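Residue-level structural notes
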Amino acid sequence: KKIPQEKVIVAHESCDDYCIFNPKKEEEILPRYGIIKPYIVFVGNAYPHKNLEGLCLAFREVLKEKNDLKLVLVGREDYFYERLKNFVQTEKIDNVIFAGYVPDFDLDIVYRSAESFVFPSLYEGFGLPPLEAMARRVPVISSDSACMPEILGDSAKYFDAKNFQDMSETILSVLNDKTLREELVEKGQKQIAKYRSRLSGPILDRIDLHVNVPSVAVDKLTSGLAGSAGPTSQVVRLEVIAARQLQ
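1. Details of the environment of Leu30
- On the secondary structure map, Leu30 appears in the loop between helix 1 (26-29) and strand 1 (39-43).
- Once the C-alpha coordinates of Leu30 and Val110 are considered, the two residues, 80 residues apart in sequence, prove to be 6.8 Å apart.
- If near-sequence neighbours (up to four positions away) are discounted, Leu30 is found in contact with Ile35, Lys37, Tyr39, Ile109, Val110 and Ser113.

2. Re helix 7 (residues 164-175)
- Between its terminal C-alpha atoms helix 7 stretches 17 Å, which fits the 16 Å expected from twelve residues at 1.5 Å a residue.
- Residues of helix 7 that are buried make contact with strand 1, helix 2 (52-62), strand 4 (116-119), strand 5 (140-143), strand 6 (156-159) and helix 8 (178-192).
- A side-chain oxygen of the first residue of helix 7 lies 3.1 Å from the backbone nitrogen of Gln165; this N-cap is Asn163.

3. As for the packing of aromatic side chains
- For the coordinates displayed, the defined rule picks out six aromatic pairs.
- Taken together, a centroid distance of 5.1 Å and an interplanar angle of 70° make the contact between Tyr47 and Phe80 edge-to-face. Note that Tyr47 is positioned in the loop between strand 1 and helix 2 and Phe80 in helix 3 (residues 79-90), a separation of 33 residues in sequence.
- We classify Tyr47 as partly exposed; its relative accessible area is 36%.
- The ring of Tyr101 carries Arg76 above its face, with NZ or CZ at 4.3 Å from the centroid.

Basis of the calculations
Residues numbered from 1 in each chain as written. Predicted model: local features only at pLDDT ≥ 70, side-chain atom pairs only at ≥ 80, totals over all residues. Heavy atoms only, no water. Helix = DSSP H or I, 4+ residues; strand = E, 2+ residues; numbered from the N terminus. Contact = heavy atoms within 4.5 Å. Expected span 1.5 Å × (residues − 1). Polar contact = N/O pair within 3.5 Å; in protein donor to acceptor, adjacent residues only side chain to side chain. Phe/Tyr/Trp six-rings, centres within 6.5 Å; stacked < 30°, edge-to-face > 60°. Buried < 20%, exposed > 50% of the residue type's maximum accessible area, 1.4 Å probe, protein only. Lys NZ or Arg CZ within 6 Å of the ring centre and 35° of its normal.

Purely spatial values, then, with no claim about function.
Following this line, the structure appears as structure tokens:
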């Protein structure tokens with residue numbers, strides 16, 4: 001049976017639900033994870049499509065010019081991160097820091113203290129971490145793969161994920177150009193405004209027309225959540241948060 005077009009609603013993921021401000025100083029947080037400045041950062045898992053081996057190879061080229069720079073990889077340790085550690089050792093790539101799992105509260109500091117955020121993925125369905133970095137006023141350097149140009153627009157500096165030389169040169173171009181970094185930060189602030197759930201009122205109104213959620217169920221689901229645009233938005237936020245935990 002064909003679904004009526006008026007009942008089809010497209011709602012992007014939102015980054016503001018996860019952007020928690022940490023008032024502590026970086027000197028209190030970074031040493032917990034062995035992080036030393038200056039550094040560029042990646043946040044996420046180490047599955048093959050994330051292309052972290054490619055990032056490490058590109059970073060080795062970057063070190064020829066920036067020998068004090070660190071590459072910080074944030075993600076829960078598992079088989080894929082262990083495999084990546086072995087790769088880094090075998091290839092003798094220096095200055096790579098495996099920070100492991102970092103809670104959201106501390107992750108705020110890790111993002112904000114970085115020189116830039118690098119996202120080298122070969123494929124993504126959406127790509128939330130670059131938006132989280134933009135929300136912290138961090139310049140974003142991203143692959144031009146899949147949906148990334150659509151999601152990030154002109155607020156990121158792009159490279160060919162399969163070309164390690166292009167990746168390293170793009171990283172250096174951002175690190176060496178203060179004006180470009182400031183421009184990316186300002187464009188990033190405009191870009192993330194498109195993905196903030198508080199701006200999705202018209203969408204939520206349309207959802208209200210087609211979704212009947214018992215008020216008792218809403219009360220149970222949304223207790224403790226603050227700053228929402230209404231009960232339906234709270235349910236949507238819960239669903240998005242749950243989905244993120246599975247990525």
